[in-house]
Amino acid sequence: MDYATLLQVLDTTVRLATPLLLACLAGLYSERAGIFDIGLEGKMLSAAMSAGAVAALTGSAWAGLLAGIGASMLFAALHGLAAITFRGNQLISGVALNFLASGLTVLIAQAMFKQGGRTPPLSGDARFNPVTLPGAEALRDVPLIGPLYYEVISGHSVLVYIAFLIVPFTWWVLFRTRFGLRLRAVGENPAAVDTAGVSVIGLRFAAVAITGILCGVAGAYMATALQAGFGREMTAGRGYIALAALIFAKWRPVAAMWACLLFGFFQALALRPDVVQSVVQMKVPVPLLDALPYILTVLVLAGFVGKAIPPRAGGQPYVKER
Amino acid sequence: MDRLPRWADLTLVPLVSLLFAAVISALVLLSIGQSPTEALKVMIDGALGSPYGWGYTLYYATSFIFTGLAVTVAFHAGLFNIGGEGQAQIGGLGVALVCLSLPWPHWTVALAAATAGAALFGAAWAAIPAYLQAKRGSHIVITTIMFNYIAAALMVYVLVDVLRPTGQMDPASARFPVGAQLPALNDIPGFSLIFQRPVPANITLLIALAMAVVVWALLWRTRLGYQIRAFGKSEAAAKYAGINPVRITIIAMLISGGLAGMMSINNVMGEAERLLQNSSEGAGFIGIAVALMGRNHPFGVVLAALLFGFLYQGGAELGLWTSIPIEMRIVVQGLVILFTGALDMMVRMILERLFALVRSAKAVRAA
């Protein structure tokens, strides 16, 4: 594999890691506050459909983004209602919302556009188009670093840069602000937070709402940046891979970024069977490459995680003593 | 607050949950400009209006009994097996390998062997997530989901590159030999009086009902069943009582995977008579809704499977005769899981209020 091919694969890695990263950070807020969320997938899917539909109708990618966030927040609110208010099983609520999103997105897209459950193809301002970073053209001819900057770091949509900026921001919020301290406390020992006179319910709903926003951006990115429109089941398990990345990263923001880049790299490899075959010098069946991200997820969960200790109150509804 | 009487907890809670799901489904239909009453009429006509419709409803119900029982057994051990879909598809591979391996002399022999193959392959696919959960602490929900995707990719490979006969275009196995073809309900004396036209529901229905009894006996009449339920109720207490958590986790998942795999004798051997891509068609996921709706009891599972058989056949009729997309089935499925599984506390709170009102009204009258 030559340097140019490597750069191509890395470029794809960044593009594919972005939705994973956004969903992974979304899950981070929720799980740090003690609410399991396997409904990341459904939230992304509903956001992708809404973003695709509204972008197609208005011709504005930003309007699509807002619509995506709105749809995802609606699902997050339902999850909060079931998991926080009515103290239901958080895993089952997530599964239910995933099915709901899977069916509703096709139903609504079909009712609106009559194109077999897709939204119309987007172009121009209805998509988030690549941005060239300052100096990318000028530095292009510098050996090694120039092409790396030009190909891999520059030339993505603005949402990609937002996603990567949210990583340090999340670290700052969680570990350097009072809100973050309380958020983490409510995932470890909600009774202590309650005793201190802070609302457990309020904090958990805030966390679930942040999850909704970030999943909304992830879904909108899928439909208006990575691809040009919504297609049925277009998230293809990314919500679950993001969850695996979250566990792999032990619920830490910067580690989450590296984990998502790793899983994004696996997905990029699955798209380039020719590269994989030239590296391993063997014919590799394409289905194996398709399954690779999932197989590696299992391997990662099984072997290299070490002791991944989830937030202690994760998955348990909080009951105030009377 | 007063507790609900037992009969209300067992019957009213699922019925009211179902009512909520039905109302929201109707609202969904209205919002996409369709008539809910018209849709219900098409569904009832198509699924229950004729022996032919019943033949399909029972065919789907058969699959859902298996996958519902699979989820139920895992639930009792405190495990949430979302991998029924993958286990069912790999179970289908087991059925196909058995059926294609020999020129079977009679369907009874083939059925016994294929059932064993289906259960074995399904259980094997559940074994790795089970081991990882028991020994490495990797969460079973995530691993079984990953295994669904891996199973789907594996089946693409197997059907395109291994089992596909040379010269055939579509990715599917060869047809099974005549000796491996199961009698449909219209071939069975007694049933044939009702089902005069060929229907897909077949002898597997009886096996599914028998398995419901077996699972009931296993869970409530054997030492292993007691251990599974004790482990599911409280892991700490079960450990203290000398129950080995690794053993129970693995055994419960093997049984669960085996049951999910066994659904493939219904669709692969009984209906398609060859292995097709995506053979289980989402039945593994429906098992979750069926188990929740059936309150994790085999008898409830059979009833809930019938209901979902109706929804499935009715939903297919909707896709055929109306402009409502077939995905409406998935919406209903999600709503049923939401109300019976995640919002059951809400339903219970509403009912408790109602019962308290009735009681206080009675008390006032008595005074």
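About the criteria used
Residues numbered from 1 in each chain as written. Chains lettered and ligands numbered in written order. Predicted model: local features only at pLDDT ≥ 70, side-chain atom pairs only at ≥ 80, totals over all residues. Helix = DSSP H or I, 4+ residues; strand = E, 2+ residues; numbered from the N terminus. Rg over C-alpha atoms; globule rule 2.2 N^0.38 Å. Contact = placed C-beta atoms within 7 Å. Nonpolar A, V, L, I, M, F, W, Y, C, P; charged D, E, K, R; others polar. Buried ≥ 20, exposed ≤ 12 C-beta atoms within 10 Å, placed from the backbone. UniProt positions renumbered as here; feature names shortened; annotations may be inferred. Expected span 1.5 Å × (residues − 1). Bend = angle between axes of the 7 residues up to and from the residue. Core = buried A, V, L, I, M, F, W, Y, C linked by C-beta atoms within 7 Å. Axes fitted to C-alpha atoms, helices over the stretch in contact; angles between N-to-C directions. Parallel < 35°, antiparallel > 145°, perpendicular 65-115°, else oblique. Left-handed = near helix turned anticlockwise from the far one by under 90°. pLDDT = per-residue confidence, 0-100.

1. Here we look at the overall build of chain A
Link 1 in the chain: In terms of helices and strands, chain A carries 14 helices and zero strands.
Link 2 in the chain: Its helices and strands in sequence order give chain A the pattern α-α-α-α-α-α-α-α-α-α-α-α-α-α, from N to C terminus.
Link 3 in the chain: Taking 2.2 N^0.38 as the reference for a compact globule, 322 residues should give roughly 20 Å; the C-alpha atoms of chain A span a radius of gyration of 20 Å, in line with that estimate.
Link 4 in the chain: Summarising its shape, the C-alpha atoms of chain A cover approximately 70 × 50 × 40 Å along the three principal directions.

2. Side note on the interface of chain A and chain B
Link 1 in the chain: Opposite the 37 residues of chain A that make contact, chain B presents 38 residues.
Link 2 in the chain: Counting residues per element, the ones that place at least two in the side of chain A that touches chain B are α4 (90-113), α11 (238-248) and α14 (286-304) of chain A.
Link 3 in the chain: For the side of chain A that touches chain B, a count of residues per class yields 26 nonpolar, nine polar and two charged.

3. Examining unusual backbone geometry
All names here are of chain A.
Link 1 in the chain: The backbone phi angle of K114 is positive, close to 55°, even though this residue is not glycine.
Link 2 in the chain: Position of K114 among the secondary structure elements: in the loop between α4 and α5 (136-139).
Link 3 in the chain: On the basis of neighbour counts, which here come to 10 C-beta atoms within 10 Å, the residue K114 falls in the exposed class.
Link 4 in the chain: Its identity is not glycine, yet K250 carries a phi of approximately 55°, on the positive side.
Link 5 in the chain: Here K250 shows up in the loop between α11 and α12 (253-271).
Link 6 in the chain: Judged by the 15 C-beta atoms lying within 10 Å of it, K250 falls in the partly exposed class.

4. What about the UniProt feature "transmembrane region" (unreviewed entry) in chain A?
Residue and element names in this part refer to chain A.
Link 1 in the chain: Taken from the UniProt record, the annotation "transmembrane region" (unreviewed entry) applies to residues 12-30, 51-79, 91-113, 158-175, 205-230, 251-271 and 291-310.
Link 2 in the chain: A helix fraction of 85% and a strand fraction of 0% characterise residues 205-230, whose end C-alpha atoms lie 29 Å from each other.
Link 3 in the chain: Helix makes up 90% of residues 251-271 and strand 0%. Its end C-alpha atoms lie 28 Å apart.

5. Here's the deal with helix α5 (residues 107-136) of chain B
Residues and elements named next belong to chain B.
Link 1 in the chain: Its 30 residues place the ends of α5 42 Å apart at the C-alpha level, agreeing with the 44 Å of an ideal helix rising 1.5 Å per residue.
Link 2 in the chain: At A127, α5 shows its strongest bend, of approximately 30°, with the proline P129 following within four residues.
Link 3 in the chain: Downstream of α5 by a residue or two, G137 has a phi angle that is positive, lying close to 70°.

6. As for the nonpolar core
Link 1 in the chain: The biggest cluster of nonpolar side chains holds 230 residues, and the ones touching the most others in it are A:C24, A:A48, A:A218 and A:A245.
Link 2 in the chain: Take this core: its biggest share by element is 17 residues, from helix α10 (residues 200-226) of chain A.

7. Overview of helix α8 (residues 178-188) of chain A
Link 1 in the chain: Every buried residue of α8(A) is accounted for by A:L183, A:A185, A:V186 and A:G187.
Link 2 in the chain: Those residues of α8(A) hidden inside the fold are in contact with α1 (3-32), α7 (158-176), α9 (190-195) and α10 of chain A.

8. Considerations on the UniProt feature "transmembrane region" (unreviewed entry) in chain B
Link 1 in the chain: In the numbering adopted here, UniProt assigns the feature "transmembrane region" (unreviewed entry) to residues 12-33, 53-75, 110-128, 140-160, 199-220, 241-263, 301-324 and 330-351 of chain B.
Link 2 in the chain: Across residues 199-220 of chain B one finds 77% helix and 0% strand; the C-alpha atoms that close the span lie 35 Å apart.

9. Topic: the packing of helix α2 (residues 40-58) of chain A against α10(A)
All names here are of chain A.
Link 1 in the chain: Here α2 crosses α10 at 55°, and the two axes come no closer than 7 Å. Considered as vectors, α2 and α10 are oriented oblique to each other. The hand of the α2/α10 crossing is right-handed. The segment α2 lies against α10, with L40, K43, M44, L45, S46, A47, A48, A51, G52 and A55 engaging G212, C215, G216, A218, G219, A220, M222, A223 and T224.
Link 2 in the chain: When its residues are assigned to classes, the contact of α2 with α10 shows 12 nonpolar, six polar and one charged.

10. Concerning the environment of B:L10
All names here are of chain B.
Link 1 in the chain: Residue position: L10 is located in helix α1 (residues 6-31).
Link 2 in the chain: Judged by C-beta crowding, with 14 C-beta atoms within 10 Å, L10 ranks as partly exposed.
Link 3 in the chain: A C-alpha to C-alpha distance of 21 Å links L10 and G225, two positions 215 residues apart in sequence.

11. A closer look at the confidence of the model for chain B
Link 1 in the chain: In the predicted model, chain B carries a mean pLDDT of 91, and 99% of its residues have values of at least 70.
Link 2 in the chain: Across the whole predicted complex the pTM is 0.90, and at the interface the ipTM reaches 0.90.

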